[in-house]
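Residues per chain, in single letters:
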Amino acid sequence: TLGEVPLLSYFNIAVNVALLCTVVAASLERPPASPPRTALVASDAFAFGSAFASFGFAYGVHPVLPSVRASMRSPRLYPRTVVASMAGTLLFYLPISAVCYARYGDAVRSPVMDTPPL
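Predicted model only: the values in this text are computed from it and were never measured.

Cut-off values and rules
Residues numbered from 1 in each chain as written. Predicted model: local features only at pLDDT ≥ 70, side-chain atom pairs only at ≥ 80, totals over all residues. Heavy atoms only, no water. 1 Å grid on protein atoms, 1.4 Å probe; cavity = no way out; pocket = protein on both sides within 12 Å on 5 of 7 lines; lining within 4 Å. Points joined across faces, edges and corners; volume = space filled by probe spheres on them. Helix = DSSP H or I, 4+ residues; strand = E, 2+ residues; numbered from the N terminus. Nonpolar A, V, L, I, M, F, W, Y, C, P; charged D, E, K, R; others polar. Expected span 1.5 Å × (residues − 1). Buried < 20%, exposed > 50% of the residue type's maximum accessible area, 1.4 Å probe, protein only. Contact = heavy atoms within 4.5 Å.

(A) Examining the layout of surface pockets more closely. Counted as a void, the second largest pocket has a volume near 990 Å³. Contributing to the lining of the second largest pocket are 22 residues, with Val-5, Ser-9, Ile-13, Thr-81 and Ser-85 lying nearest its centre. Contributing elements (two or more residues each) for the lining of the second largest pocket: α1 (5-28), α3 (65-71) and α4 (78-104). With eight residues, the single largest contributor to the lining of the second largest pocket is α1. Class assignment for the residues of the lining of the second largest pocket results in 16 nonpolar, six polar and no charged.

(B) Examining α1 more closely. Between the first and last C-alpha of α1 there are 34 Å, a value that for 24 residues agrees with the 34 Å anticipated at 1.5 Å per step. Listed as buried for α1 are Leu-20, Val-23, Val-24 and Ser-27. Looking at the buried residues of α1, the elements they touch are α4.

And the structure:
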């Protein structure tokens, strides 16, 4: 029922925070012996497409947003809700991507936990 949605949402947030902490801690556990190789622009078109698809998936909530607005008690809060959801997504993705790319460079695999320690 809809009454269980908040409980499930809080559980989901707790799991995501635990995952965020685990990935960042595992990435920082041992610094690399040599600096990772990084590139500003991906030379592989498939790598760019994969990154674009990952961000599209992460921010792919937009098809659901009209039904969220329709079910809100205060639809005037809708813009704040959208900004908060996008900012929350950014707060989870940015630390993982920044720390793991700084740690592994171009050796990062998807998902990042499949990347072997250097």
